[in-house]
Amino acid sequence: HRKATFGDEGVDLLLNFLSLDSEKFSSGLGYHKLLLSSVNAIWCCVSFMNQDLFLERGGIPILLDLLEKCPPSMQNLVLGALLDLTEDARALPHVVTWRGT
């Protein structure tokens, strides 16, 4: 039920959270937890119901940028989310064309 109600606004909000400035991760204000929750939301709400919208709005490059700047303790979670998303062949061109930040 929650997956179906996530919708456009949920994907946009999730992409905003995933795009946070990397300096905030260690600020002690809870951004680390917010980021962990956002990556978890990819598995819970994006991987099945809203994947097309997530891809259209640039979710793969945002995740790859996040992988590049996130703390090492979080990289396995981001890689796992990317792996799930790339099971859909439509996600692969987004990975191949990414050039980094």
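None of these values were measured; they are calculated from a predicted model.

Cut-offs used in this document
Residues numbered from 1 in each chain as written. Predicted model: local features only at pLDDT ≥ 70, side-chain atom pairs only at ≥ 80, totals over all residues. Heavy atoms only, no water. Helix = DSSP H or I, 4+ residues; strand = E, 2+ residues; numbered from the N terminus. Buried < 20%, exposed > 50% of the residue type's maximum accessible area, 1.4 Å probe, protein only. Contact = heavy atoms within 4.5 Å. Areas by Shrake-Rupley, 256 points an atom, 1.4 Å probe, with all protein chains shown as cover. Core = buried A, V, L, I, M, F, W, Y, C linked by side-chain atoms within 4.5 Å. Polar contact = N/O pair within 3.5 Å; in protein donor to acceptor, adjacent residues only side chain to side chain. Axes fitted to C-alpha atoms, helices over the stretch in contact; angles between N-to-C directions. Parallel < 35°, antiparallel > 145°, perpendicular 65-115°, else oblique. Left-handed = near helix turned anticlockwise from the far one by under 90°.

A. Main features of the overall build of the chain. Along the chain, the regular secondary structure elements total six helices and zero strands. Taken from N to C terminus, the helices and strands of the chain fall in the order α-α-α-α-α-α. Put simply, the chain has 101 residues, and 38% of those count as buried. In the chain, once contacts between residues fewer than 6 apart in sequence are set aside, the share between residues at least 24 apart is 72%. Counting only carbon and sulfur atoms, one obtains 56% of the accessible surface of the chain, whose full area is about 6,000 Å².

B. Structural detail: the nonpolar core. In terms of nonpolar packing, the biggest core is built from 25 residues, with Leu18, Ile42, Phe54, Leu63, Leu66 and Val78 touching the most fellow members. Listing elements by their share of this core, those giving two or more residues are helix H1 (2-18), helix H2 (31-46), helix H3 (51-56), helix H4 (59-69) and helix H5 (72-85). At six residues, the largest contribution of residues to this core is made by H4. When near neighbours in sequence (up to four residues on either side) are disregarded, Leu18 contacts Leu35, Ser38, Val39, Ile42, Phe54, Ile62, Leu63 and Leu66.

C. Geometry of the environment of Asn40. Looking at the secondary structure, you find Asn40 in helix H2. Since its relative accessible area comes to 40%, Asn40 is described here as partly exposed. In this structure, the C-alpha to C-alpha distance between Asn40 and Val78, residues 38 residues apart in sequence, is 9.0 Å.

D. Geometry of the side chain of Gln51. Within the element layout of this structure, Gln51 appears in helix H3. With relative accessibility at 8%, the residue Gln51 sits in the buried group. A polar side-chain atom of Gln51 sits 2.9 Å from the main-chain carbonyl oxygen of Leu85. Setting aside its immediate chain neighbours within four residues, Gln51 contacts Val46, Leu85 and Asp88.

E. Molecular detail of the packing of H2 against H5. Viewed as axis vectors pointing N to C, H2 and H5 meet at an angle of 20°, and their least axial separation amounts to 10 Å. Taken together, the axes of H2 and H5 are roughly parallel relative to one another. As for the relative orientation of H2 and H5, their crossing is left-handed in sense. Two secondary-structure elements touch here, H2 through His32, Leu35, Leu36, Val39, Ile42, Trp43 and Val46 and H5 through Ser73, Met74, Leu77, Val78, Gly80, Ala81, Asp84 and Leu85.

F. Structural view of the environment of Gly80. Looking at the secondary structure, you find Gly80 in helix H5. Considering only alpha carbons, one finds Gly80 and Asn40, 40 residues apart in sequence, at a separation of 9.9 Å.

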